[in-house]
Amino acid sequence: LSFAIWNVVDEAAEAARQVMRTQKVLHGLAHVRASTLQIELSTQSFRITGEPAHLQARDSAVARREQFLELIGQWTADDAAQQARWQALRQLMAQRLAMSRRVESLRQAEGRAAADAYVATAPLQETRARAHGLLDAMEAAERHSLELLISNGQQKGHLLNVVGGSMIAAWLAMLAATYRLIRRQIQRIDANRQQLEDSEARLAITLRCIVDGVMTTDLDGHVTRINPAAERMTGWNAADAIGQPVDAVFALRSEADHAPLPGPLPAVMAGD
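This structure is a prediction, so every number in the text was calculated from the model and none was measured.

Thresholds, definitions, all that
- Residues numbered from 1 in each chain as written.
- Predicted model: local features only at pLDDT ≥ 70, side-chain atom pairs only at ≥ 80, totals over all residues.
- Heavy atoms only, no water.
- Helix = DSSP H or I, 4+ residues; strand = E, 2+ residues; numbered from the N terminus.
- Buried < 20%, exposed > 50% of the residue type's maximum accessible area, 1.4 Å probe, protein only.
- Contact = heavy atoms within 4.5 Å.
- Areas by Shrake-Rupley, 256 points an atom, 1.4 Å probe, with all protein chains shown as cover.
- Pairing = 2+ DSSP bridges.
- Core = buried A, V, L, I, M, F, W, Y, C linked by side-chain atoms within 4.5 Å.
- Salt bridge = Lys/Arg side-chain N within 4 Å of Asp/Glu carboxyl O.
- Expected span 1.5 Å × (residues − 1).

**Q** Go over the overall build of the protein, please, and point to the residues and values.
**A** When its secondary structure is counted, the protein shows nine helices and four strands. Each helix and strand of the protein, ordered N terminal to C terminal, gives the series α-α-α-α-α-β-β-α-α-α-β-β-α. Counting only residues that meet the buried cut, the protein has 26% of its 272 residues in that class. Taking contacts inside the protein between residues at least 6 apart in sequence as the whole, the part at least 24 apart equals 56%. For the protein, the accessible surface area stands at approximately 17,300 Å², while carbon and sulfur atoms represent 59% of it.

See the structure below:
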């Protein structure tokens, strides 16, 4: 789940950068269109009126268009198809700007008639159509790229939902299985404890019923149980005897001289 999230976030960050780049290209192309139209209108107005103010407006539009064309070239540097269209567009814009300057030169030197005659023979309509076709193609490519980014983002989001839901379901299943396992283990422990308690109770009853003296010890030789017959024989009651060394509770002595004798426990523990 962590890997899927990291992958989606990383791709989302890259997609966001691509979306920003695409939006910049579309914005730049819109400015190129507007500047190109301004150049055409200013050139036509100067051809008709001869007023220099129209040339100033044209030159300002040319500067803006060149600025955005340069930026578009940078933004599409990693797209070979767009770069090819951009190069063709730059050549067309340069060709049309040369025509505009030719109109300017003829209008200033020979008058409107000469400028009108040049316009009638120059390939203005053909280059305009080609330029708009390249702009349309670049915009269409960027919009298609934007649609792909949105579609891929939606698919990645769906994938994340599926993976996340699957992981959560698996995690809940593991929790449920663990709970059942622990529950069975607790029940088994409770059953074993109950069996041990029942065994202890039966053993205690058995010891009390035996007429012979019986004591049990742990591995260190300390008394753990003593029945009533052993209490009478040793003089120790159960409360005092439990936990004491067996040799202290059941002290053996020689019949001849009453000297202390070793108990049988060490030999039993040694396996003799």
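**Q** Quick one: what's the story with the pairing of strand E2 (residues 223-226), residue by residue and with numbers?
**A** Where strand E1 (residues 215-217) meets E2, three bridges bridge the pair, whose relative direction is antiparallel. Across the sheet, residue methionine 215 finds its bridge partner in E2, namely isoleucine 226. Between E1 and E2, which pair antiparallel and follow one another directly, the connecting turn spans five residues, one of which, glycine 221, has a positive phi of 85°.

**Q** Provide a residue-level description of the nonpolar core, including the pertinent values.
**A** Counting residues in each nonpolar core, the largest one holds 15 residues, and the members touching the most others are Leu29, Val32, Leu69, Ile72, Leu89, Met93 and Met138. Where this core is concerned, the elements lending two or more residues are helix H1 (2-49), helix H2 (52-75), helix H3 (80-109) and helix H5 (124-209). Sequence-distant contacts of methionine 138, defined by excluding residues within four places in its chain, comprise Leu29, Ile72, Gln82, Arg85, Trp86 and Leu89. Listed in part, the six residues of the second largest apolar core include Val223, Ile226, Ala230 and Val249.

**Q** Residues and numbers for the pattern of salt bridges, please.
**A** For the coordinates displayed, the defined rule picks out 14 salt bridges. Across the pair glutamate 142 and arginine 21 runs a salt bridge, and its minimum N-O distance is 3.2 Å. Highlighted residues: glutamate 142 in helix H5 and arginine 21 in helix H1, separated in sequence by 121 residues. Neither glutamate 142 nor arginine 21 differs from the other in exposure class; each is buried. Salt-bridge contacts for arginine 58 lead to aspartate 59; the nearest nitrogen and oxygen are separated by 3.0 Å. Using a relative accessible area of 1% as the deciding quantity, one classes arginine 58 as buried. Salt bridges linked by common partners bring Arg58, Asp59, Arg101 and Glu104 together as one network.

**Q** Let's hear about H2: which residues, and what values?
**A** For H2, with 24 residues, the first-to-last C-alpha span of 35 Å sits near the 34 Å given by 1.5 Å per residue. Within H2 the residues assigned to the buried category are Leu55, Arg58, Ala61, Val62, Arg65, Phe68, Leu69, Ile72, Gly73 and Trp75.

**Q** Report on the side chain of arginine 58, specifying residues and quantitative values.
**A** By secondary structure assignment, the location of arginine 58 is in helix H2. When neighbours within four sequence positions are excluded, arginine 58 is seen to be in contact with Ile39, Ser42, Thr43, Ser100, Arg101 and Glu104.

**Q** Run through the environment of serine 105, naming residues and quoting values.
**A** Relative to the helices and strands, serine 105 resides in helix H3. Placed 58 residues apart in sequence, serine 105 and arginine 47 show a C-alpha to C-alpha distance of 9.9 Å.

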